[in-house]
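# Structural characterization, general
Below, each chain spelled out in residue letters.
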Amino acid sequence: MEYLPFTPKTVHTHGSDLMECGLFRTLPEEYKKFISKTENQHVLSYMHMIPLEKIGVPTFYSTLTRDLRKLNHPNLLYPVGNGISIHVFPDEEDIRDYYIPVEPILFQEIDDLLLEVEELLVDLVNMLEIKTDDLDERKKLLEEVLKRICVIKDGEKQGTKLGFLSRLLGKLKNILKTKKYRVVNVTSEEYRAIRYLILRDKVGMGVLESLLLDPYIEDITCSGLGQIFVEHKIFSGLKTTISFKEISDLDSFVIRLSEKIGKPITYRNPIVDATLPDGSRINIVFGEDISRRGSNFTIRKFAGTPMSILELLELGTLDYTIAAYLWILIKEGMNCFVAGETASGKTTTLNAITTFLPPDGKVVSIEDTPELQVPLKNWTREATRSSRDDSGSEVSMFDLLKAALRQRPNEIIIGEIRGVEGNIAFQAMQTGHPVMSTFHAASVEKLIQRLTGDPINVPRAYIDNLNLVICQNAVHLPEKGMLRRVTSINEIVGYDPLSQSYTFIEVFRWEPSTDTFSFTGNLNSYLLENKIAPKWGIPDNERRKVYTELQKREKILRKLHKAGIKGFHELFSMIVRLGEEGLTK
């Protein structure tokens, strides 16, 4: 399943002995310090096996920056944790470079040892009679048993952290003693490789583990037989060295993957949408009869902490004026959809603007697959349930939305509107419940067409309950590559039943030639002047004073950003404090 895009050279010396070599002595100090750590010594072995005369020594980066996007066919290495490093290997004959996970097992001949250790593990775990679905407990159990059955020949000591296994230690010792249980002699390097592989495959996600650990990966795609591809935040599309050559291997892997996430896939139910233990979203399609190149899967990586509006600003997704404008409208309960095509960053933007919600409010979020993250403490998070789940009958988005209306929320956030739940969402808006959601549509016109057509069927007269549409797209700019931009922000004004037409105002527009944003609605915003100004008690003849507050918030965001306050939770806390001190309305 794993291969290298070059013929590896033979290296007879490994580990710490290699640190006497000339290559190690020529490396920068940061590189040396990284490789000197026990868990990273295999990286030096790897470097001796790659064609240095052809590509040169990979440049080491402890962290990656977006400036590296400018590199053409980069040759670099960076760590992702757990002893794994990533080598971005240049391929000048293809638009996609290689993505090579450098794992502790890459050059270890441990097949026979591994088979022996696995047999012993199965016996011992069964004797201990422990069954647990908790991943941390399973990991601790496997580590503890491994320490008992693997004897390191070169004398390296293994630390012991018993934790929840302390009560089992006596039982384990008795089993080993009474059964005269055999042990496996290994070197320290072999032990690290065996431990890594056992935990990766038994507790982790197998060959996908390194990809899931990498914080720079956004999407992982297996389209059937052949290579797995990744979408990288810095280097865009890359091809991995993980490949499926046989249909049977691919099907077997997909079946095990579905069982690990608790959604077993079958020929009767060949499509699964689920969430991985780390929160990433996965879609699996099983079988050649519906996927002609063989089973396929796609993983949308989960970001641990969502990006804030200021971090999106750093990426150029929007600007300070847009951020200030959204701050006012979201805080005042305007109904908002973030519309765009697949992978345009809709959910990322929706998460970011939740920091503008009133902090004392109650939020109910409804999703198929949990992706939303809301900073408010009073947050009810609900997810749909498939009828194929063992837990009972189906619970749809429609069901959850109806239930949410009885929970007295100050804001309803819907992961994505696709069907009849859209009708209930507009009824919620009609009764005064602010709603935010994402929606698949490339423009306001297309959005309205989908809302008023099957299967959503929102009455045309209800459309103006939606106040705001943020259109976001993935765009490609010369010398910058693929980027995400808020291409327009539009205010829905109303519906004319006679002409059956809708009026909306484009208040912000992205200018592709300069990659900047125009405030086309300056001094002409329907929502600011006709919705927000009256709420703030501004007289009709002075309603343009609302733009002064917009400018004030823009300055505040600039100052916060300059002061280094830009993290999601950090920014939310500061916005709350500004409100408490009366610095914002």
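Throughout what follows, the structure given in this document is the object of discussion.

Definitions and cut-offs
Residue numbers run consecutively from 1 along every chain, following the written order of its sequence. Local features are withheld for residues below a pLDDT of 70 in this predicted model, meaning they are given only at 70 or higher, and side-chain atom pairs are given and counted only at 80 or more; totals for whole chains, interfaces and linings count all residues. Excluded from the side-chain calculation are hydrogens and water; included are all heavy atoms of the structure. Strands here are runs of E lasting at least two residues and helices are runs of H or I lasting at least four, both read from the DSSP assignment and numbered beginning at the N terminus. The globule rule used for comparison is 2.2 Å times the number of residues to the exponent 0.38, while the radius of gyration itself is calculated over C-alpha atoms. Under the scheme applied here, a residue whose accessible area is under 20% of the maximum for its type counts as buried, over 50% as exposed, and between as partly exposed, the area being computed with a 1.4 Å probe on protein chains only. Contacts are residue-level and defined by heavy atoms, with any inter-residue pair within 4.5 Å sufficient. Methods summary: accessible areas were calculated by the Shrake-Rupley approach with a probe of 1.4 Å, and residue burial reflects only the protein chains presented. Two residue types count as positive, namely Lys and Arg, and two as negative, namely Asp and Glu; His and chain ends fall outside the count. Think of each charge as sitting on NZ of Lys, CZ of Arg, CG of Asp or CD of Glu. Interaxial angle, 0 to 180 degrees, is taken between N-to-C directions of lines fitted to C-alpha atoms, where a helix line uses only the stretch in contact. When the near helix sits turned anticlockwise from the far one by under a right angle, the crossing is termed left-handed; a clockwise turn instead gives a right-handed crossing. For this classification, the nonpolar set comprises Ala, Val, Leu, Ile, Met, Phe, Trp, Tyr, Cys and Pro, the charged set comprises Asp, Glu, Lys and Arg, and every other residue, Gly included, is treated as polar. Between 30 and 60 degrees the pair is tilted, below 30 it is stacked and above 60 it is edge-to-face, where a pair is any two Phe, Tyr or Trp rings, Trp via its six-membered ring, whose centres lie within 6.5 Å. Cation placement over rings: the criterion is NZ of Lys or CZ of Arg within 6 Å of the ring centroid and within 35° of the ring normal. Any two strands with at least two DSSP-identified bridges between them are counted as paired. By this rule, a helix spans an expected 1.5 Å times one less than how many residues it contains. Buried Ala, Val, Leu, Ile, Met, Phe, Trp, Tyr and Cys residues form a nonpolar core when they are joined through side-chain atoms within 4.5 Å.

For the chain, the helix and strand inventory stands at 19 helices and 21 strands. In terms of overall dimensions, the chain is globule-like: its C-alpha atoms have a radius of gyration of 28 Å, near the 25 Å expected for 585 residues. Taken along its principal axes, the extent of the C-alpha atoms in the chain is 90 × 55 × 50 Å. In the chain, buried positions account for 51% of the 585 residues. Within the chain, counting contacts between residues at least 6 apart in sequence, those at least 24 apart form 59% of the total. Per element, the accessible surface of the chain, about 27800 Å² overall, is 48% carbon and sulfur. A gap of 5 Å separates the mean positions of the 74 positive and 80 negative side-chain charges of the chain.

When two helices pack together, their arrangement is given by the angle between the helix axes and by the axis-to-axis distance. The interhelical angle for the contact between helix H12 (residues 320-331) and helix H17 (residues 526-535), taken along N-to-C directions, is 35°, at an axis separation of 11 Å. Along this stretch, H12 crosses H17, giving a crossing that reads as left-handed. When H12 is examined against H17, the residues Tyr-325, Ile-328 and Leu-329 are found in contact with a partner set consisting of Leu-527, Leu-528 and Ile-532. Taken together, the residues that form the contact of H12 with H17 break down as six nonpolar, no polar and no charged.

Moving on: the packing of aromatic side chains. Enumeration over the complete set of coordinates arrives at 15 aromatic pairs. When the centroid spacing of 4.8 Å and the interplanar angle of 50° are considered together, the rings of Tyr-267 and Phe-286 count as tilted. Remark: Phe-286 occurs in the loop between strand S11 (281-285) and strand S12 (296-300) and Tyr-267 occurs in the loop between helix H10 (247-260) and strand S10 (271-275); sequence separation between them is 19 residues. Residue classification places Tyr-267 among the exposed positions, given a relative accessible area of 60%. On the basis of relative accessibility, which here comes to 3%, the residue Phe-286 falls in the buried class. An aromatic cluster is built from Phe-6, Tyr-46, Phe-89 and Tyr-98, whose rings are joined through pairwise contacts. Taking the ring centre of Phe-24 as reference, the NZ or CZ of Lys-32 above it sits at 6.0 Å.

Read across the sheet, 10 strands follow the order S1-S2-S3-S4-S9-S8-S7-S12-S11-S10 without closing on themselves; strand pairing throughout is mixed. Two strands bound the open sheet, and with one partner strand each, they are strand S1 (59-60) and S10. Alignment of strand S8 (residues 226-232) against strand S9 (residues 236-244), held across six bridges, turns out to be antiparallel. Bridge assignment links His-232 to a residue of S9, and that residue is Ser-236. Seen against the sheet, helix H3 (residues 41-49) touches strand S2 (76-81), strand S3 (84-89) and strand S4 (97-102) and runs at an angle of roughly 140° to S4.

A few words now on the pairing of S9. Extensive coverage of S9 is indicated by the burial of eight of its nine residues. Turn length for the S8-S9 hairpin, with the two strands adjacent in sequence and antiparallel, is three residues.

With 17 residues, helix H18 (residues 546-562) should cover 24 Å at 1.5 Å per step; its first-to-last C-alpha distance of 25 Å lies within 8% of that length. Taken as a whole, H18 has its buried residues at Val-546, Tyr-547, Glu-549, Leu-550, Arg-553, Glu-554, Ile-556, Leu-557, Leu-560 and His-561. Contact partners of the buried residues in H18: helix H11 (309-314), H12, H17 and helix H19 (568-580). Immediately beyond the C-terminal end of H18, within one or two residues, lies Gly-564, with a positive phi of roughly 85°.

Before going further, it helps to spend a moment on the sheet that holds strand S13 (residues 336-340). One open sheet holds the nine strands; their spatial order is S15-S14-S16-S17-S13-S18-S19-S20-S21, and the pairing between them is mixed. A strand with exactly one partner marks an edge of an open sheet, and here the two such strands are strand S15 (379-383) and strand S21 (516-518). On average, each strand axis in the sheet is inclined to that of its neighbour by 20°, with strand direction left out of account. The sheet contact formed by strand S14 (residues 363-367) and S15 spans five bridges and is parallel. Within the sheet, the bridge partner assigned to Ile-366 lies in S15 and is Glu-382. Contacts from helix H15 (residues 421-430) reach S13, strand S16 (411-414) and strand S17 (435-440), with the element oriented near 150° to S17.

Now for the nonpolar core. Burial of nonpolar side chains together is a common tendency in soluble globular proteins. Leu-208 and Phe-297 are the most contacted members of the largest nonpolar core, which has 64 residues in total. Of all the elements, helix H8 (residues 188-202) adds the most residues to this core, at seven residues. Apart from residues no more than four positions distant in its own chain, Phe-297 is found in contact with Leu-208, Ile-220, Thr-221, Cys-222, Ile-228, Phe-244, Phe-253, Val-254, Asn-283 and Ile-284. By size, the runner-up hydrophobic cluster in this structure holds 59 residues, among which are Ala-324, Val-475, Ile-532 and Met-574.

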